[in-house]
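Chain by chain, the residues:
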Amino acid sequence: MAIKTWHESGSIFVTIADNGCGIPPLIKEKIFEPFFTTKEVGKGTGLGLSITYDIIKKHNGEIMVESEVGKGTVFTMRIPVCDTRESVIS
């Protein structure tokens with residue numbers, strides 16, 4: 001597993017990569033859907049990636065996934081930087 005962070009063009013990026021089994025294309029299309037899971041009944045709710053997706057979207061960001069079966073998966077999240085030093089005009 002590898003984690004990388006950087007700042008570029010007004011956004012913060014976080015990449016999380018593994019060398020696991022990868023995600024098949026048909027499953028990859030569904031991973032951000034609420035309640036979608038590949039786990040056995042009672043072993044997960046299928047909400048983790050859905051909640052993550054919603055949080056990132058609410059911050060005007062995006063989450064991308066690249067995966068190859070047998071080689072691993074890379075999730076990249078981009079969140080715009082908010083400048084808290086902006087002055088308030090009264």
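No experiment lies behind these values; they were computed from the predicted model shown.

Undergrad: Could you give an account of the side chain of S11, with specific residues and numbers?
TA: Note on placement: S11 falls in strand β2 (residues 11-18). The buried category is assigned to S11, whose relative accessible area is 6%.

Undergrad: Outline the packing of aromatic side chains, listing residues and values.
TA: Per the stated rule, a full pass over the model turns up 2 aromatic pairs. Between F32 and Y53 the ring centres are 5.3 Å apart and the planes differ by 35°, which places this aromatic pair in the tilted class. Note that F32 is positioned in the loop between α1 (25-28) and α2 (48-58) and Y53 in helix α2, a separation of 21 residues in sequence. Overall, Y53 belongs to the partly exposed group, its relative accessible area being 29%. Between K4 and the ring centre of W6, over which it is positioned, the NZ or CZ distance is 4.7 Å.

Undergrad: Run through unusual backbone geometry, naming residues and quoting values.
TA: In this model, F35 sits at a positive phi of 70°, which is unusual for a non-glycine residue. When its relative accessible area of 61% is taken as the criterion, F35 is described as exposed.

Conventions adopted
- Residues numbered from 1 in each chain as written.
- Predicted model: local features only at pLDDT ≥ 70, side-chain atom pairs only at ≥ 80, totals over all residues.
- Heavy atoms only, no water.
- Helix = DSSP H or I, 4+ residues; strand = E, 2+ residues; numbered from the N terminus.
- Buried < 20%, exposed > 50% of the residue type's maximum accessible area, 1.4 Å probe, protein only.
- Phe/Tyr/Trp six-rings, centres within 6.5 Å; stacked < 30°, edge-to-face > 60°.
- Lys NZ or Arg CZ within 6 Å of the ring centre and 35° of its normal.

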